[in-house]
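# Examination of the molecular architecture
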Amino acid sequence: MKVLLIIPPNSQEERYGNFSNIGTLYPPLGLAYLAAIAERDAEVKVLDSEAMNYNYSDIERLTKEFNPDLVGMQVYCTTLSRCYKTAEILKRINPTIKIVLGGAQATLEPEKTLSNKNIDFVIYGEGEISFSNLIKELKNKKNFFKIKGLVWKNKNKIVKNCPQEIIKNLDDLPLPARHLFPMERYHSSANLRGKKTLNIMTSRGCPYMCAYCAGSLIFGKTHRYHGTERVIQELKELKEKYHVDSIQFFDETFTANRQRVIELCDKMIKSKLNIEWSCFTRVNLVDKELLNKMKQAGCYLIFYGLESGSQRLLNLIRKGITLE
């Protein structure tokens, strides 16, 4: 069984315009987690067209060389047309290749995303378990009815299976398969410190319900996080294997669990990682003691979501903060 994960062609110029040379280009952690899961049951290859400057002809050539059984792509509203174009090329190469889409856009509109004739499956919600089960069923019985979180075509009729339960213990997941990605090609934006900065996610979900955010549709209305030892293990790998001197925590709301952050910071200090880092959080989820602890552990920059200077608008979007 061969699995190919593709990031369709997209240039830094298209993403950032005149600021293309100082924009962020990180390995997509969602695909990296899926790749790690898929490696348990299949031979896996990743084509990051954005990092490698591949065009559609390159994708066609490299797909022919690898000859995959299943191709997966992560889709957003901005990349849907690129995924469809890639799928069209793949089906021309080999009509028997199965193509599955997942990610934010697939979760928001799974049936509509699947309506394209070249797409065989859509996975909605948190994808690791569903993706793993899809690989196993393609290898064996092909009983797609029992794969939770899957949308598929049964005799040209779209079938949406029941949702997959979220992963309660994130430590059950393997480390993201960064070794399958062109790690030497990635870089952070110009406003971040460090000669080599990479990203890491230590939690999933956010307990808040801001009206504009679709995060709860994918990760559920929860806040789950990796154990401290697991996070330290991943940080050490990033430092020793990929030579990072700076980290950007990609957690939606890094300080949602205050005690957990304190414990993690204490462990980072004790481990003498000497890594500077930044994170994302909310203005109502920090205090002086916590900020001091974070700084001691290497934090130098926090991105806060402000959204509006109007209390009326903050109330309308259910942000849950005050101007004060």
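Residues numbered from 1 in each chain as written. Predicted model: local features only at pLDDT ≥ 70, side-chain atom pairs only at ≥ 80, totals over all residues. Heavy atoms only, no water.

## Section: unusual backbone geometry
Positive phi is not limited to glycine here, since asparagine 53 has a value of about 60°. Mapping asparagine 53 onto the fold places it in the loop between α3 (49-52) and α4 (56-66). Look at asparagine 53 and you get exposed, because its relative accessible area is 58%. Positive phi values are uncommon outside glycine, yet arginine 318 reaches one of about 55°. (Helix = DSSP H or I, 4+ residues; strand = E, 2+ residues; numbered from the N terminus. Buried < 20%, exposed > 50% of the residue type's maximum accessible area, 1.4 Å probe, protein only.)

## Overview of helix α8 (residues 128-139)
When the terminal C-alpha atoms of α8 are compared, their 17 Å separation across 12 residues agrees well with the 16 Å that a helix rising 1.5 Å per residue should span. Burial in α8 covers these residues: Glu128, Ser130, Phe131, Ser132, Leu134, Ile135, Glu137 and Leu138. (Expected span 1.5 Å × (residues − 1).)

## Observations regarding a nonpolar patch on the surface
On the surface, Val283, Leu291, Tyr304 and Leu306 cluster together into a nonpolar patch covering about 320 Å² of accessible area. In this structure valine 283 comes out as partly exposed when scored by relative accessible area, which is 36%. (Patch = residues over 30% accessible without salt bridge, like charges linked within 9 Å, V, L, I, M, F, W, Y side chains within 5 Å. Areas by Shrake-Rupley, 256 points an atom, 1.4 Å probe, with all protein chains shown as cover. Salt bridge = Lys/Arg side-chain N within 4 Å of Asp/Glu carboxyl O.)

## Structural notes on the side chain of glutamine 105
Mapped onto the elements, glutamine 105 comes out in helix α6 (residues 104-108). The exposure class of glutamine 105 is buried, given its relative accessible area of 11%. Setting aside anything within four residues of it in sequence, one finds glutamine 105 in contact with Val75, Tyr76, Cys77, Leu80 and Thr113. (Contact = heavy atoms within 4.5 Å.)

## A closer look at the packing of aromatic side chains
The tally for this structure, following the rule as stated, stands at 9 aromatic pairs. Look at phenylalanine 254 and tryptophan 277: their rings are 5.4 Å apart centre to centre, the planes differ by 55°, and that puts the pair in the tilted class. With phenylalanine 254 in the loop between β11 (246-249) and α11 (258-271) and tryptophan 277 in strand β12 (residues 276-281), this pair connects stretches of sequence that are 23 residues apart. Tryptophan 277 shares its class with phenylalanine 254; the two are buried. An aromatic cluster of three or more residues is present, and its members are Tyr26, Phe250, Phe280 and Phe303. Stacked on the ring of tyrosine 124, the Lys or Arg lysine 160 has its end atom at 4.7 Å from the ring centre. The aromatic ring of tyrosine 208 is capped on one face by arginine 282, whose charged end is 3.6 Å from the ring centroid. (Phe/Tyr/Trp six-rings, centres within 6.5 Å; stacked < 30°, edge-to-face > 60°. Lys NZ or Arg CZ within 6 Å of the ring centre and 35° of its normal.)

## A few points about the sheet that holds strand β2 (residues 43-48)
What the 7 strands build is an open sheet, ordered β2-β1-β3-β4-β5-β6-β7; its pairing is mixed. The sheet terminates laterally at β2 and β7 (157-160), the two strands that pair on one side only. With direction set aside, neighbouring strand axes in the sheet form an average angle of 20°. Looking at chain direction, strand β3 (residues 70-74) and strand β4 (residues 98-102) are connected through 5 bridges and run parallel. Bridging from a neighbouring strand, glycine 72 pairs with valine 100 of β4. (Pairing = 2+ DSSP bridges. Axes fitted to C-alpha atoms, helices over the stretch in contact; angles between N-to-C directions.)

## Some remarks on the nonpolar core
Counting residues in hydrophobic clusters, the biggest one holds 57 residues, and the most contacted among them are Phe131, Trp277 and Met294. It is helix α2 (residues 29-38) that contributes the most residues to this core, 6 residues altogether. Filtering out sequence-adjacent residues up to four positions away, tryptophan 277 remains in contact with Ile247, Phe249, Phe254, Cys265, Met268, Met294, Ala297, Gly298, Cys299, Tyr300 and Leu301. With 25 residues, the next largest nonpolar core counts Leu4, Ala87, Ile97 and Leu114 among its residues. (Core = buried A, V, L, I, M, F, W, Y, C linked by side-chain atoms within 4.5 Å.)

## Focus: the sheet that holds strand β8 (residues 197-200)
Two strands in a sheet stick together by hydrogen bonds in their backbones, pointing the same way (parallel) or opposite ways (antiparallel). Taken in spatial order, the 4 strands make up an open sheet running β8-β11-β12-β13, and their pairing is parallel. Looking along the sheet, the strands with just one partner apiece sit at the ends: β8 and β13 (299-304). Adjacent strand axes in the sheet meet at a mean angle of 20°, parallel and antiparallel pairs treated alike. Two strands pair when backbone bridges link them, and β11 and β12 are joined in this way by 3 bridges, in the parallel orientation. Bridging from a neighbouring strand, glutamine 248 pairs with serine 278 of β12. Each of β8 and β11 touches helix α10 (residues 228-242); the most contacted strand, β8, lies at about 155° to it.

## What to know about the environment of lysine 136
Residue placement: lysine 136 occurs in helix α8. Residues lysine 136 and alanine 38 lie 98 residues apart in sequence; the distance between their C-alpha atoms is 9.6 Å.

## Focus: the pattern of salt bridges
Scanning the entire structure with this criterion turns up 19 salt bridges. One salt bridge in this structure joins arginine 204 and glutamate 128, with 2.7 Å as the shortest N-O distance. Separated by 76 residues along the polypeptide, arginine 204 in strand β9 (residues 203-204) and glutamate 128 in helix α8 bring together distant segments of the chain. Across this residue pair, the class does not change: arginine 204 and glutamate 128 are buried.

## Some remarks on the side chain of threonine 281
Tracing the backbone through its elements, the reader meets threonine 281 in strand β12. The class of threonine 281 is buried, set by a relative accessible area of 5%. A polar atom in the side chain of threonine 281 sits 2.5 Å from the side chain of threonine 255. In contact with threonine 281, not counting residues within four places along its chain, are Thr253, Phe254, Thr255, Val286, Ile302, Phe303, Tyr304 and Gly305. (Polar contact = N/O pair within 3.5 Å; in protein donor to acceptor, adjacent residues only side chain to side chain.)

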